[in-house]
Amino acid sequence: MRKALSSLLAAVLALLSPVSLAAQSAPPSAVEVGLLLRQLDGVKRVLLVAAHPDDEDTSLLATLALGWGVEIAYFSLTRGEGGQNLIGAELEEGLGILRTGELLAARQIDGASQFFSRAYDFGYSKSAAETFEHWPREQLLADLVRAVRSFRPQVLISIFSGTETDGHGQHQAAGILAREAWEASGDRSRFPEQLEEGLEPWTPLKLYRRTLFDPQAATVSVVTGRLDPLLGRSHHQVAMESRSQHRSQDFGTAQAPGPREARLRLLDTRVAAPPDAALFAGVDTTLAGLPGAAIPEVGAALGRYRGALGRAAADLPVGDPSRALGALAEARGHLGHLLSIIARSPAPELRRALEDRRVLLDRALLAAAGVRIELRARDDVLVPGQRVLVEVRVWSGGSTPVRVAAPELIAPGGWRVAPLPRDAEVPPDDTGPFARFFASEDPLVEPDSEGWAEVEAGDIALWRYEVAVAEDAPPSTPYYLTLPRDGDLYQWPGDAPRGLPFQGPVLEAALSISLPARPDPVIARLRAPVRFRGVDKASGEFWRPLRVAPRVSVAPSTGSLVWPLSDQGEREVAFQLTNWTPGPVRGALSLELPPGWRAEPVSRDFEFREERETTRLAFRLRPAGEAVEGDFVVRPRIDLGRGPAPGLAVRVVDYPHVEPRLAAAEGSLRIVRFPVQVAARRIGYVMGSGDEGPEAIRQLGLEVELIEPGAWGAERLDRFDTIVLGVRAYEVRRDLVAANPLLLDWVRRGGTLLVQYNKYEFNDGAYAPYPIRIGAPAPRVTDEDAPVTLRDEGRVAFETPNPIGAADFEGWIQERGLYFPTEWDARYSELLEMADPGEPPRRGSLLVTPFGEGLYVHTSLSFFRQLPSGVPGAVRLFANLLSLDGDRWRGARAVGVRP
């Protein structure tokens, strides 16, 4: 098990660092070799601990990883599921997939690796005590201890202090757990089940805290703004590119040059070094300092290995990295000799370090030799039973010939891999519209009697395989989503890669490449994922990972359907089917209904002609005879000729800056029935940063028109009775900012404007008819069960068409609201009062004022979370706000009722 963990870590580090694959953006060979050389002499490991995607100090990560050659990882308690999404509609688990991908995109740039705990981000909290009510403290500590024991850092760095000064309760929890892991990870009595799995206790030697908000408390600083001659930029500049991958959190930032530093405070130490000494002061980071290296034969071989590395660095010119090949090959020979020596002695820590360096050194050898490798499949989304062509190309792009052994494709159990004969007919590969001018036939190799193929300098060798996907291959759902959550804690399956971002690639290839060296050739080994290469005629070549999907997926048009209790007639429900199979598919869709419900028709046939084709199938649904409140589930069943089977919905999270990910789950439709009414209103909607408000309004029986850029004329606006602004609309809709005066004029003429929450950008302009300001930090009410007082000022909003009471604030999810205004004009009526425990009352969650003939409504309640989940009380309150108008508001005042 120990060896398996070491190999897994080496593979992860190999995938997250710059690699010699044409399928990725590899740096120039000399730069790649230079960066790898920084990691090959010595052992420096650091683990950074915080709570969320974006909490990490990317400048520190980039400086240590790229500049110092440190193996550094970021441990994030969560995947950021409780946040908001600037760039799309994903929330909760979908947002977690996106933000995990953004962390990996960031690590690809700054050179670090990534770990997680099982914690699900339940949203903002205000104390560690509240946080640990959601997260079992001991289980999260076990996850962090697991990461420490597997990664084995000498230095542990906590971003947070574990005190109230950290702000967010999840930040505080991260700081507390980092201190506890400092003590627990080396204690054999803590989490002994991990020892049974093959992990060993590990005791970090130094504990630091990042002093971002109290720099005067620092005891040591790490320079991050110095120009790196290999990169042509400072590590801080690289880090800002890394940080800009957090696009869902609007974290794009400039790559500013100039002096920068990261400041740290030493909290505890187990070595004899003063607090203001350098980060690794007192820590023996040499290979010779590892247990087992004191054997004379080992020490001598280590000396020869280090000497060869020094010569490789001295021989490395930018223009011809192959000049370093001889010294690198010599170092590789000494490394192999070292591994053979310690195989006869108990030196697990030294063996682990040398095995990790063998992976890195092999990559350096291939980069110096100019070897580039493509591992290419002809499809990116595979289905059970599919056969796919896989091609392996090895290009000896340097000045020396190489020999390559037949590649080994590594596939899951039940998959079949077969080499294709030389005369096999293969469909042409799409390489773009100019392929006929530049096309060349890559030769299939002719191996010698021992299975090796010669590849001359400048040539390419090609192997082809047919891979058959197992008939029972499961979808490529992230491992942590395959089991139901236990409250706010993910459950990891028994065979899961615990704590890693995702499971490993679907299909890999292992290659052995013999490079010429004296006195004997050296064999470099590489294991890397097979990927799909496509060509977009607008942007050119792109690469995607392989994923497995069901043959046909089925997803409801909405996750939750609000069906007012008064509506006893039929409703149409629709499902979208997608064909993931290459080629035609026929089948039928039926529905598994709640008792007493009926569907018309009972089933619907479908036929697809090609892959990725979609169709929409609708059914007329009628509920059971009695008007019964409650939750009801409709489950689709798909029959592809083998009998009905549960339909799976496929969620694809795909953005230009992250690797596309696929998650499959039951494609069921949840129907929520409760009493709710809404006035007949013509609704316009301005989409913000990805909310599902329009669909929620349509489910109430109203028509909704989206207001797009360029549609702000008075004649167009006057078609609407109510206009709703989506969440953070003033941040993402520049056309709205420009058109805001037209919108306020429309309110003056009698319209009702419902403005949902915005962040601090709302303060940039006079968007409201009278002043409203959001102070920093903005108040919020994070307790979804916090008591709510309905103030008399808002009585008209709470009486019709739905009587609103305390029961309507039960069952809310994650929070009451966020980014509450802190200041507002006296002409606004404060409709609600609420607060988290121990805090003063908040009255800014729902503000209303008449303006001209119309009405202006500003709400920071988190309707964007409640409406898609069909929370009855939130839907009823939102329906009342949609139904408000200036006449009703003024009429209530005229008869003496304070509105």
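Higher on the page you've got the structure.
Asker: I tried to follow the overall build of the protein chain on my own but got confused; where do I start?
Answerer: When helices and strands are counted, the protein chain shows 21 helices and 45 strands. Taken against the 2.2 N^0.38 rule, which gives 29 Å for 899 residues, the C-alpha radius of gyration of the protein chain at 31 Å falls within 12% of a compact globule. Dimensions of the protein chain, computed from the C-alpha atoms along their principal axes, are close to 100 × 70 × 55 Å. In the protein chain, once contacts between residues fewer than 6 apart in sequence are set aside, the share between residues at least 24 apart is 75%. One way to put it: in the protein chain the 101 positive side-chain charges average out to a point 2 Å from where the 119 negative ones average out.

Asker: It is not clear to me how the environment of Thr100 should be interpreted in this structure. Could you clarify?
Answerer: If you trace the backbone, Thr100 turns up in helix α4 (residues 92-110). For Thr100 and Val658, which are 558 residues apart along the polypeptide, the C-alpha to C-alpha distance reads 9.1 Å. For Thr100, the residues in contact, after removing those within four places along its chain, are Arg79, Phe116, Tyr480, Pro501 and Phe502.

Asker: In this structure, what is going on with the packing of helix α3 (residues 58-67) against α4? I would like to understand it.
Answerer: In helix packing, the relevant descriptors are the interaxial angle and the interaxial distance, both defined with respect to the helix axes. Following both chains from N to C, one finds α3 and α4 inclined at 45°, their axes separated by 9 Å at the closest point. Classified by the angle their axes make, α3 and α4 are oblique. Contacts from Thr58, Leu61, Ala62, Ala65 and Leu66 in α3 reach Arg107, Ile109 and Asp110 in α4. Looking at the contact of α3 with α4 residue by residue, the class counts come to five nonpolar, one polar and two charged.

Asker: I'm lost on the pairing of strand β38 (residues 752-755) in this one. Help?
Answerer: The side chains of a regular strand alternate between the sheet's two faces. Neither face of β38 is exposed, since Thr752 and Leu754 on one face and Leu753 and Val755 on the opposite face are all buried. Relative to β38, strand β37 (residues 722-725) runs parallel, the two being bridged by four bridges. Bridged to Thr722 within β38 is Thr752. Examined bridge by bridge, β38 and strand β45 (residues 854-859) share four bridges and lie parallel to one another. Considered in β45, the bridge of Val755 is made with His858.

Asker: Even after reading the chapter, I still don't get the sheet that holds strand β9 (residues 261-269), so can you show me in this structure?
Answerer: Adjacent strands of a sheet pair through backbone hydrogen bonds, lying either parallel or antiparallel. The seven strands lie next to each other as β3-β2-β1-β4-β5-β9-β6, forming an open sheet whose pairing is mixed. Both edges of this open sheet fall to β3 (113-116) and β6 (220-223), since each of them pairs with a single strand only. Pairwise comparison of adjacent strand axes, ignoring direction, gives a mean angle of 30° for this sheet. Looking at chain direction, β6 and β9 are connected through four bridges and run antiparallel. Across the sheet, residue Val223 finds its bridge partner in β9, namely Glu261. Across the sheet, α4 touches β2 (71-76) and β3, and the angle it forms with β3 is around 155°.

Asker: Sorry if this is basic, but what is going on with the packing of aromatic side chains here?
Answerer: The geometry of an aromatic ring pair is captured by two quantities: the separation of the ring centres and the angle between the planes. Counted under the stated rule, the structure contains 22 aromatic pairs. Ring geometry for Tyr757 against Phe864: centres 5.4 Å apart, planes inclined by 35°, an arrangement best described as tilted. Taken together, the residues span a long stretch of sequence, with Tyr757 in the loop between β38 and β39 (772-773) and Phe864 in helix α19 (residues 863-866) at a distance of 107 residues. Judged by its relative accessible area of 1%, Tyr757 is buried. For Phe864, a relative accessible area of 6% puts it in the buried group. Chaining the aromatic ring pairs together yields one cluster made of Tyr120, Tyr479, Tyr480 and Tyr490. Above the face of the Tyr120 ring, Arg485 is positioned so that its terminal group lies 3.6 Å from the ring centre.

Asker: How do you make sense of α4 when you look at a structure like this?
Answerer: Turn by turn, an α-helix covers 3.6 residues, leaving residues three or four places apart pointing in a common direction. Its 19 residues give α4 an end-to-end C-alpha distance of 27 Å, which sits within 8% of 27 Å, the value for a rise of 1.5 Å per residue. With 15 of 19 residues buried, α4 lies mostly within the body of the structure. After α4 finishes, the residue Gly111 shows a positive phi value of roughly 85°.

Asker: Where do I start with the sheet that holds strand β12 (residues 387-396) in this structure?
Answerer: Overall, mixed pairing links the six strands, which are arranged β15-β17-β12-β10-β20-β21 in an open sheet. Edge positions in the sheet fall to β15 (416-419) and β21 (540-545), since each has one partner strand and no second. The average undirected angle you get between the axes of adjacent strands in this sheet is 35°. Inspection of the sheet shows strand β10 (residues 371-377) paired to strand β20 (residues 531-536) by two bridges, in the parallel sense. The residue bridging Arg376 from the neighbouring strand is Arg531, located in β20.

Asker: What's the story with the nonpolar core in this structure? I'm lost.
Answerer: Where a protein is soluble and globular, its nonpolar side chains tend to be buried together. If you look at the biggest cluster of nonpolar residues, it comprises 78 residues, and the most contacted ones within it are Leu328 and Leu515. In contact with Leu328, not counting residues within four places along its chain, are Val33, Leu37, Ala312, Leu361, Ala364, Leu365 and Ala368. Listed in part, the 64 residues of the second largest apolar core include Phe116, Val148, Ala174 and Leu266.

Asker: I tried to follow the pairing of β21 on my own but got confused; where do I start?
Answerer: Pairing analysis gives six bridges linking β20 to β21, with the strands arranged antiparallel. Residue Arg531 lies in a different strand from β21, and its bridge partner there is Pro545. In this structure, the hairpin formed by β20 and β21 is closed by a connection of three residues.

Asker: Before we go on, may I ask you to explain the packing of helix α10 (residues 296-314) against helix α11 (residues 325-342) in this structure?
Answerer: Where α10 meets α11, the closest approach of the two axes is 8 Å, and the angle between their N-to-C directions is 160°. Relative to α11, the element α10 is oriented roughly antiparallel. As α10 runs across α11, the sense of the crossing is left-handed. Facing Glu297, Val298, Ala301, Leu302, Arg304, Tyr305, Ala308, Leu309, Arg311 and Ala312 of α10, the residues of α11 in contact are Ala327, Leu328, Glu330, Ala331, His334, Leu335, His337, Leu338, Ile341 and Ile342. Considering only residue class, the contact of α10 with α11 consists of 14 nonpolar, two polar and four charged.

Asker: Help me understand the pattern of salt bridges in this model?
Answerer: Between side chains of opposite charge, a pair can form as their charged atoms come close. Enumeration according to the criterion identifies 67 salt bridges in this entry. Between Arg612 and Asp380 there is a salt bridge, and its shortest N-O distance comes to 2.7 Å. Taken together, the positions of Arg612 in the loop between β28 (603-608) and β29 (614-622) and Asp380 in the loop between β10 and β11 (381-382) put the pair 232 residues apart, joining distant regions of the chain. Using a relative accessible area of 38% as the deciding quantity, one classes Arg612 as partly exposed. On the basis of relative accessible area, Asp380 is assigned to the buried category, the value being 5%. Residue Glu705 is joined to Arg716 by a salt bridge in which the shortest nitrogen-to-oxygen separation is 2.8 Å. Placement of the pair is Glu705 in strand β36 (residues 704-706) and Arg716 in helix α15 (residues 714-717), with a sequence separation of 11 residues. The exposure class assigned to Glu705 is partly exposed, which follows from its relative accessible area of 30%. Each of Glu374, Arg376, Arg378, Glu391, Arg393 and Arg464 takes part in salt bridges that share partners, so that together they form one network.

Rules and cut-offs
Residues numbered from 1 in each chain as written. Predicted model: local features only at pLDDT ≥ 70, side-chain atom pairs only at ≥ 80, totals over all residues. Heavy atoms only, no water. Helix = DSSP H or I, 4+ residues; strand = E, 2+ residues; numbered from the N terminus. Rg over C-alpha atoms; globule rule 2.2 N^0.38 Å. Contact = heavy atoms within 4.5 Å. Lys, Arg positive; Asp, Glu negative; His and termini not counted. Charge placed at Lys NZ, Arg CZ, Asp CG, Glu CD. Axes fitted to C-alpha atoms, helices over the stretch in contact; angles between N-to-C directions. Parallel < 35°, antiparallel > 145°, perpendicular 65-115°, else oblique. Nonpolar A, V, L, I, M, F, W, Y, C, P; charged D, E, K, R; others polar. Buried < 20%, exposed > 50% of the residue type's maximum accessible area, 1.4 Å probe, protein only. Pairing = 2+ DSSP bridges. Phe/Tyr/Trp six-rings, centres within 6.5 Å; stacked < 30°, edge-to-face > 60°. Lys NZ or Arg CZ within 6 Å of the ring centre and 35° of its normal. Expected span 1.5 Å × (residues − 1). Core = buried A, V, L, I, M, F, W, Y, C linked by side-chain atoms within 4.5 Å. Left-handed = near helix turned anticlockwise from the far one by under 90°. Salt bridge = Lys/Arg side-chain N within 4 Å of Asp/Glu carboxyl O.

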